[in-house]
Every structure is written in C-alpha cells, then in structure tokens.
Amino acid sequence: FATAQVEGITRQKVLERLMRESGLGVYGTATSGSTTTIVDTSYLLSASWPDTEFENRWCRISVDAGGANAAPEGEVKASSAFVPSTGTITVAAYTAAVAAGDIYQVWNYVHPKFVLDTIDQVLKEDCYLPAWAVLSEVPDGDMDQSGTTEWTGANSTLAKSTAEPMAWGSRYLTVAATSAGGYAESVTLAVVPGRKYHCSALARAAGATPASTTATLQAYDKTNSASIDSKSSTLQVWGRIWFEFTAPATCNQVTLRLVTAENGKTTAWDSVVFYGLDSYDIALPWWVKDEQQVKAFLLPRHEDLATNVWDATPHFSLDAGRFDFKNDSFGRDQLRAISNKGALGSPVYIYGTRTETAFSNETETKRVDANWMAAILGERVFSMLLALPNSGLLNMKWVENQHARYQKEAESQKRKQSKRMEDAFQSVQNMILAYRGPGYPTEYGLGR
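Because the structure is a prediction, the values reported are computed rather than measured.

Which parts of the structure should I look at to understand the packing of aromatic side chains?
In this description, an aromatic ring pair is defined by two values, namely the gap between the centres and the angle between the planes. Under the definition given, this model contains 18 aromatic pairs. Each ring, one from F54 and one from F82, has its centre 4.9 Å from the other, and the planes form 80 degrees; the classification is edge-to-face. Pair noted here: F54 is in the loop between β4 (37-39) and β5 (58-63) and F82 is in strand β6 (residues 76-83), with a separation of 28 residues, a long-range link. With respect to class, F54 is no different from F82; both count as buried. Connected via pairs of aromatic rings, a cluster forms that spans W132, W168, F316, Y349 and Y351. Above the face of the Y220 ring, R257 is positioned so that its terminal group lies 3.6 Å from the ring centre. The side chain of K366 reaches across the aromatic face of F359, ending 5.7 Å from its centre.

Structure below.
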C-alpha cells in the first residue's frame, strides 16, 4: 500500500509472497557481500541449515540498497557453495559487489526469469481492470508507457511518475525545466490547413516547490516553426488546459508542447488530447485489443476551474448509438471509433476494461489486487512445472498438490474480481451498453 487510500503491489512483494507460500525459494537482506558472495548473518547464519541447503540454486539480487536500480540489481547467478556458520552463499560473479542492505532471492526448481516473464504475461493478458479514458490521436497521450520514447525534451528533464496524486491511468509525465520554457514535445501530428482542432491536457504545478509554477500547453506549427496558440495554468491540482485552433494556411504538421515556464520548476502532465473537430473517427486507446472491452461511450460536461482550464473529472452521460468500431489494417491493429451521427465536436470518453502493463522495475507499484495476483501467478508457475519431464530433483506429487491448491484459489479470486468489476460498471449506469450500428444495442459481457 502506497497510501492509506490506494491499494497496490510491487514486483518485489509479489515474488517474495510466491516464494514464502510455495516453497520455491527464500529471500532476505544482505549484511555484506562481494561480487561472488552473499552474506546474511541475520537469516542465513544458522546451525539449522545443512551445507548443501543453498548449493546449485539461482541467486537473484532483487533490490539495490542504494535505491537507484544499480547493479547488481536484477542479476541472477548460480550458487556453488554455502557456509551456514558464516551465513555465506558463494555465487558466480555479479557485475558489482553485493552491499549491505541489498535484498536477495534464492530460487529452487524454477529459474526466476520464467517467473518474471509469467508476471508480465499475467499483467498484460489476464489482468482486466475497469478504466476511463479520453480518446486522442497523440501516441502515449495517456502517459501509461514506462518510458518517454514518444516525447522529446528540450531544456528539461522528462520522467514518468507513479507517485500520488495520480491523474488518470498508472503514470504521468513530469517536465523539470533546466531553463525557462523547458518543454516536452509530442510526435509530429498531421493537420489540414484551414481546419479546426482541439487540444487539451491534464496539468498541475508539481515538484518540491510548486508555488509560482506555470504549466503551458502549446500548439506548435512544425511546418513553419512558429507557435500557433497556447494556454496556461498555475493550479497545484489537476486541471485540463484546453483550447481550439485553426491550422494556418501553409501548416501541414503540428506538435503539442508541454511547457514548464519557470527555470528550476516542475510540471506534471497526463491525458493529452488532440483531434480534428470536423473528424468522424478517432483512435481508441492502445489497450483496446477487441471491441468488447469498450463498455460505453460517454459525453462529458466540464466545469471551469479557471480560464481555459476544466475540472479534471467531468460529468458524464451515455453517448448512445453514435459510434461503430473499425480496423484500418490487416491483422491486429489499433482500433478506431467512427461516428455515424456527425463530426466529433467535443472530447469523447470511453469506459471499459483494460489490461495492465509489465513492471518496469522491482519497486514500481501496480494497482492490482495482491491476492488475485498471487493466486494466478502460483497457478501458472506450477502449471509450467507440471509440464517438465519428471526429475529426481523435483517431487512431482508436491508440484501437483501445489498446482491444485493454487488453481482452486485462482478460481475463487477470479470470481471476486468479476464481482468487483460488475459493481464498478453498475455504479456508472444501471446497465452499461455499448451501441453499434443504426441504433441497435448490444450488451457486452463482463471482462473481455
């Protein structure tokens, strides 16, 4: 738990719980070490351990004590010897010395890489959570990707953050100015000269000293290297800066710039929106893999916080019978929503189910139910072990029993999550409908 109000888990805690409950390994905090040793005089130093207890195991450094994700964090090496009288495990050489405070894991039977890959698979393919989203043509406009690949910094340092207060989604972008007017710039967006466009973004003054900090959203003419328009906010709470502009006569490409006006200050950004006001279609979020994930299209009504700044969370009404789905490419591609009742006009929101993204490191927090995650991961790992050829080093009866236990718990947790999701949908509408075609409703089932 990051705060008293927010439920969350880290990869470190997921792995430790699996080892603790399944017998697949142990973990602890090193009291010292070297490139070839892990020493733990608090846990490993004991006459109760035989010399062979931690031989031929996989030893992984889970968290670097410095907190900077530095080596040997994440490295896995095979162990060759164990001395219980000193609490020392000898391993193949890490790229950096194990230090006091480093958290380590010792794995039995299964290589930690397969467990890590399974965690990512569960998050990306099995974990469906209720989600709001505003539609946009800006790549990584929701800021949910772990890196800043789709954003280019100028006179600024860019980073993705998961710290509270969150906006929408699992991450937001921070822009720390290294000189006045530092900014993050989106990828280039195509426009038609003379047509009108909407752009908006959630923003707030952030950092250690948010007072006297100005966040400015700017539409920039890349064709002619000139600013088209911009609006600003000095609020220290999330608000949506917005404006509309007409593409200049010779302008064919624009970018959006997220600007921190003052040197040494930091602004936070999320949910960046761009679309043509006279367009009939718009991209659905990256996480919509099939149309059944979309439970409803919603019309927003915004309250003003300041001039050209809306409240971060609008009021919604169901936008019935307006949108169909289309896929412009062969195979699985980003889906688009197409209006059959005129141009887009105002921003378009959806409510649906989305998958999570993979952990970017050991300490990143995901807002996923810990019991559900533990049960699904355990079932998957022991299912994988069941598929291995029978070995004298692995008691298959034990594997079968563990698999059956986790499978039972996984089914129970799936039912609980389905009920939670159903309650979340029903709190929005008595019946959530996503309409397709000429006014004929299709009710979608829970989950995918």
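Looking at this model, I keep getting lost on the pattern of salt bridges. Mind explaining?
Where side chains of opposite charge bring their charged atoms close, a pairing between them can arise. Under the definition given, this model contains 22 salt bridges. R11 serves as the salt-bridge partner of E362, at 2.8 Å between the closest nitrogen and oxygen. Residue E362 is located in the loop between β28 (349-355) and β29 (365-366), and its partner R11 is located in helix α1 (residues 11-22); the two are separated by 351 residues in the primary sequence. Across the salt bridge formed by R195 and D278, the nearest N and O atoms sit 3.6 Å from each other. Residue R195 is located in the loop between β14 (189-190) and β15 (196-206), and its partner D278 is located in the loop between β20 (266-276) and β21 (281-283); the two are separated by 83 residues in the primary sequence. Since its relative accessible area comes to 42%, R195 is described here as partly exposed. One salt-bridge network, in which partners are shared between bridges, spans E137, D281, K326 and R336.

How do you make sense of the packing of α1 against helix α2 (residues 112-126) when you look at a structure like this?
Packed helices, taken two at a time, are described by the angle between their axes plus the distance between the axes. Relative to each other, α1 and α2 sit at 120 degrees, their axes nearing to 12 Å. Here α1 lies oblique to α2, going by the angle between them. The two elements α1 and α2 cross, and the hand of that crossing is right-handed. Here R11, V14, L15 and L18 of α1 come into contact with α2, specifically with V115, L116 and I119. Among the residues making up the contact of α1 with α2, the classes are represented as 6 nonpolar, no polar and 1 charged.

Got a minute to help me understand the side chain of R60 in this structure?
When you line up the elements, R60 lands in strand β5. Residues in contact with R60, not counting those within four places in the same chain, are R11, L15, G74, E75, V76, Y94, I103, Y104, Q105, P112, L116 and E362.

Before we go on, may I ask you to explain the pairing of β5 in this structure?
In summary, the side chains of a regular strand alternate between the two faces of the sheet. Here β5 lies mainly inside the structure; 5 of its 6 residues are buried. Two elements, β5 and β6, share 3 bridges in a ladder whose sense is antiparallel. Across the sheet, residue C59 finds its bridge partner in β6, namely K77.

Definitions and cut-offs
Residue positions are given per chain, counting from 1 as you read along its sequence in written order. Where totals are concerned, whole chains, interfaces and linings use all residues; where local detail is concerned, this predicted model gives features only for residues with pLDDT of at least 70, and gives and counts side-chain atom pairs only at 80 or more. Hydrogen atoms and water are omitted, and side-chain values are computed over all heavy atoms in the structure. Classification of ring pairs rests on two measures: the distance between centres of Phe, Tyr or Trp rings, Trp counted by its six-membered ring, which must be within 6.5 Å, and the angle between planes, read as stacked under 30 degrees, edge-to-face over 60 and tilted in between. Helix numbering and strand numbering both begin at the N terminus, where a helix is a DSSP run of H or I of at least 4 residues and a strand a DSSP run of E of at least 2. Think of it in three bands: with a 1.4 Å probe and only protein chains considered, a residue is buried below 20% of the maximum accessible area for its type, exposed above 50%, and partly exposed in between. The rule for a charge over a ring is simple: NZ of Lys or CZ of Arg within 6 Å of the ring centre, and within 35 degrees of the ring normal. For this analysis, a salt bridge means a side-chain nitrogen from Lys or Arg found within 4 Å of a carboxyl oxygen belonging to Asp or Glu. Axis definition: a line fit to C-alpha positions, over the contact stretch in the case of helices; interaxial angles, taken between N-to-C directions, run 0 to 180 degrees. Reported orientations rely on four angle classes, namely roughly parallel under 35 degrees, roughly antiparallel over 145, roughly perpendicular from 65 to 115, and oblique for the rest. Note: crossing handedness is left-handed where the near helix turns anticlockwise from the far helix by less than a right angle, and right-handed where it turns clockwise. Note on definitions: a residue-residue contact is assigned when non-hydrogen atoms from the two residues lie within 4.5 Å. Ten residue types, Ala, Val, Leu, Ile, Met, Phe, Trp, Tyr, Cys and Pro, are classed as nonpolar, four, Asp, Glu, Lys and Arg, as charged, and the remainder, Gly among them, as polar. We call two strands paired when DSSP finds no fewer than two bridges between them.

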